[in-house]
Every structure is written in structure tokens, then in C-alpha cells.
Amino acid sequence: MRARARASRRARRQRGRLVACASQTPQPAPWQRWLRRLGGVLFFCGVAFLLVREAQGIAWHEVLVAARAYTAPQLLGAAALAAASLTLYSCFDLLGRRYTGHRLGAPQVIAVTFISYVFNMNLGSLVGALALRFRLYSRLGLAYGVIARVASLSMLTNWLGYTLLAGAVFVLHPPALPHGWPFDARGWPYLGAGLLALGVAYAMFSALSRRRCFSVRGHELLLPGPGLTALQSAMGVANWLLMAGILFMLLPVAVPFSAVVGVLLVASIAGALTHIPAGLGVLEAVFVALLSGYAGKTELLAALVVYRLIYYLLPLALAALAYVAAEALTRPALETGVAPRPPDC
């Protein structure tokens, strides 16, 4: 009984440990850094070539005319789905609050997550997912270690949803590839099965493992509980489906929803690999290449222009105003004493 009590106290002390000190993280070898850079440059050059080739055959004035042809119900439906997606993602950090046990109010957490997510989409993860989160949360009194755990869990939730949904789509409704692409379309089910296995393995391990705390290369990892893991999976998948729903509302009726989901997933990982802010041009190139069998370039690009306006630019204006207000109204916690900085685990 004493051993069990000691183990229980040790587990409580270790709760919330996800990210250890960054200085303990082993640095990659120089050749590995150069190899990653070379791979990124090659991928970027390939995307740039595809963009230039596709842009030469586009009548942009026709794209703008097609964008003006959307009806009010289409735009309102797309805007409602965009609001639902942004609201859902803004709740991702509430999972981190439950995971770490910090005591910031839900409205504060939702506001910080909204600002960070929108800037992340438009300017990249270093600005949104990391820099703004650290800036805003630290002014509210959270320790850097707690902020890192919250941000890590939020990003894990997003990519867990991606893994599960992409696995299911690639197995059941794999995207059709244009003739001449180097990737064999018969490989989609295998890729999907691998992604599903990865996502399910994480969920099962987090839910069933008796050992909850691990130390990996100096990093102390505490597994989320079964309920938290289930919420991660459901919220991550739902957000990707809502994003696809926005595009589905704007695309021609001939494009099936399963195709929209599959192409969005492919375009999103392509944008992440190129590190281009907002995936500018990458999203358009992938959609035009993979959905050209369902609709013309003009209709596809018009839908993407309106999608970027609804889901990227208008929320960016709101997030910028919210950030200015947060900076003006929130004093650093150590100066005000309102939100004392909790001890770092």
C-alpha cells in the first residue's frame, strides 16, 4: 500500500510533463540539416515549376467573374462553416488547460488560441503556433514549460485528426491522380493503412498503457488519459471536415465531398513541407491538378480565392485587432500580480 501511495504521489508530481528543457534536446548533425534544406529546396522548386506552368493557362479575369457569381446562401453557408472551424480550433488549448492543470479562464484561452491559429495559417507556425502563444500566455502568467506543453498538445490534436482522417480517406476514397504523376495511385490504400495504424496506435497506447510517464532522451512525457485522447481524435477530425465543408460549399456541385477532403489533405501536407506562409499557391496548384477532372480551372480557382478570403484574410483582420487589444489591455502578470506565474514542472 505504501509503495502504491508513493507511486500515486510521484504521478501527481509528474502530471503535465510533456516537454523538457530545450537545451537537453540533441542537435541534428550538420549533414542532416543540409539534407533537410536540400529536400525543402527541391520540393519548393517542383511546386514553383508547377505553379508557373499552371498560371500560364489561366484567364484570371474569368476567375474574378466566377467569384462574383456566388449566391448569398453559398457565401453564408461557407462563412458559417468557417466560423464553426475557427471556434472549434480555438477550443484546442482547452484540452491543454485540462492536461496541464493551469487556471486561466476559458475565454482567455480561447482568445489566445484563435489569435495564434489565424496567424499560424497566414504567417507560419513560428509566428502563430509558437511566438504569439508564448507572448500572450506569458503575459497572462503561464510559465514557459506550461506554454510549451499546451502548444504541443494542441498541435498533436490537429495532426492526430489529420492522421486518422487521411488514413480513412486514402483507404476508402483515394484521390485520383492526373496522368503522368510519379506517384502510383495504387499506393494510396497502403499509405492510408499506415496512417490509420499510426493514429490508432497512439490512441490505444494513450488509453491502455499502465505506465503513464516516460523519459525519452531527457524529455519527460506524460500520456493523456483515455477521455482526453478521445477528445483529441474527435476534435481534430471534425476540424478538418469543417475546413473541407467550406470548400465543398464553394466548389461546383460536380465535385464530391470525398474528393474535396482527400485533395485538401494532400494540399495541406504539401503546404507544410514547403514552409510557404498560408500555403500560398500550393493549395491552388494541388486543387487544380487533382480536381481538373471535375471542374475547370476558372471555377476551381474562384472557389479557392473566396475560400482564402473567408477563412484566411477576414479572420486575420479580426485576429490582428484582437492581438492589439490583448497587448493594450493585458499587463505582464509579474507587474500586476493578478496572474502569478505557476511553478514549472
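Rules of the game
Residues numbered from 1 in each chain as written. Predicted model: local features only at pLDDT ≥ 70, side-chain atom pairs only at ≥ 80, totals over all residues. Heavy atoms only, no water. Phe/Tyr/Trp six-rings, centres within 6.5 Å; stacked < 30°, edge-to-face > 60°. Buried < 20%, exposed > 50% of the residue type's maximum accessible area, 1.4 Å probe, protein only. Axes fitted to C-alpha atoms, helices over the stretch in contact; angles between N-to-C directions. Helix = DSSP H or I, 4+ residues; strand = E, 2+ residues; numbered from the N terminus. Left-handed = near helix turned anticlockwise from the far one by under 90°. Contact = heavy atoms within 4.5 Å. Nonpolar A, V, L, I, M, F, W, Y, C, P; charged D, E, K, R; others polar. Core = buried A, V, L, I, M, F, W, Y, C linked by side-chain atoms within 4.5 Å. Parallel < 35°, antiparallel > 145°, perpendicular 65-115°, else oblique. Salt bridge = Lys/Arg side-chain N within 4 Å of Asp/Glu carboxyl O. Expected span 1.5 Å × (residues − 1). Patch = residues over 30% accessible without salt bridge, like charges linked within 9 Å, V, L, I, M, F, W, Y side chains within 5 Å. Areas by Shrake-Rupley, 256 points an atom, 1.4 Å probe, with all protein chains shown as cover.

Sorry if this is basic, but what is going on with the packing of aromatic side chains here?
How two aromatic rings sit relative to each other is given by the distance of their centres and the angle of their planes. Tallied over the entire structure, the rule returns eleven aromatic pairs. Note on Tyr307 and Tyr312: the rings are 5.9 Å apart at their centroids and 70° apart in plane angle, and the pair reads as edge-to-face. Tyr307 gets classed as buried once you look at its relative accessible area, which sits at 1%. By relative accessible area, Tyr312 is classed as buried at 11%. Grouped by ring-pair contacts, the aromatic residues Tyr89, Phe92 and Tyr117 constitute a single cluster.

Quick question: what am I supposed to make of the packing of helix α12 (residues 282-291) against helix α13 (residues 297-329) here?
Packed helices, taken two at a time, are described by the angle between their axes plus the distance between the axes. Where α12 meets α13, the axes come as close as 10 Å, and the angle between the chain directions of the two elements is 145°. Here the hand of the crossing between α12 and α13 comes out right-handed. Within the contact between the two elements, α12 uses Leu283, Glu284, Phe287, Val288 and Leu291 and α13 uses Lys297, Leu300, Leu301, Leu304, Tyr307 and Arg308. Tallied by class, residues from the contact of α12 with α13 come to eight nonpolar, no polar and three charged.

Sorry if this is basic, but what is going on with the environment of Ala302 here?
Along the chain, Ala302 falls in helix α13. Note: C-alpha distance between Ala302 and Leu250 (52 residues apart in sequence) is 8.4 Å.

Sorry, what's going on with the nonpolar core here?
Membership of the largest hydrophobic core comes to 81 residues, with the highest contact counts inside it found for Tyr137, Leu251, Leu265, Phe287, Tyr307 and Tyr311. If you tally residues by element for this core, the top one is α13, at twelve residues.

Looking at this structure, how should I read the packing of helix α8 (residues 144-172) against helix α9 (residues 188-208)?
One way to put it is that α8 packs onto α9 with a least axis distance of 7 Å and a crossing angle of 140°. Our classification of the angle between α8 and α9 gives oblique. Seen along the crossing, α8 lies across α9 with a hand that is left-handed. Between α8 and α9, the residues in contact are Leu156, Leu160, Thr163, Leu164, Ala166, Gly167, Ala168, Phe170 and Val171 and Trp188, Pro189, Leu191, Gly192, Ala193, Leu195, Leu196, Leu198, Gly199, Val200 and Tyr202, respectively. Residues that form the contact of α8 with α9 fall into these classes: 16 nonpolar, four polar and no charged.

Sorry if this is basic, but what is going on with the pattern of salt bridges here?
It is possible for side chains of opposite charge to pair when their charged atoms get near one another. Applying the stated rule across the entire model yields four salt bridges. For Glu327, the salt bridge is made with Arg139, and the minimal N-O distance between the two is 3.7 Å. Placement of the pair is Glu327 in helix α13 and Arg139 in helix α7 (residues 126-139), with a sequence separation of 188 residues. Arg139 gets classed as buried once you look at its relative accessible area, which sits at 13%. A salt bridge links Arg308 to Glu284, with the shortest nitrogen-to-oxygen separation between them at 2.6 Å. With Arg308 in helix α13 and Glu284 in helix α12, the pair connects residues that are 24 residues apart, well separated along the chain.

Looking at this structure, how should I read helix α6 (residues 106-123)?
Residues separated by three or four positions in an α-helix point in the same direction, a consequence of the helix having 3.6 residues per turn. Over its 18 residues, α6 extends 25 Å from the first C-alpha to the last, a length consistent with the 26 Å expected when each residue adds 1.5 Å. Residues Val109, Val112, Thr113, Phe114, Ile115, Ser116, Tyr117, Val118, Phe119, Met121 and Asn122 constitute the buried set of α6. Positive phi shows up at Gly124, right after α6, with a value of about 105°.

Before we go on, may I ask you to explain a nonpolar patch on the surface in this structure?
Among the surface-exposed residues, Trp159, Ile269 and Leu273 lie close enough to one another that they form a single nonpolar patch of about 250 Å² accessible area. Position of Ile269 among the secondary structure elements: in helix α11 (residues 257-274). A relative accessible area of 33% means that Ile269 is categorised as partly exposed.

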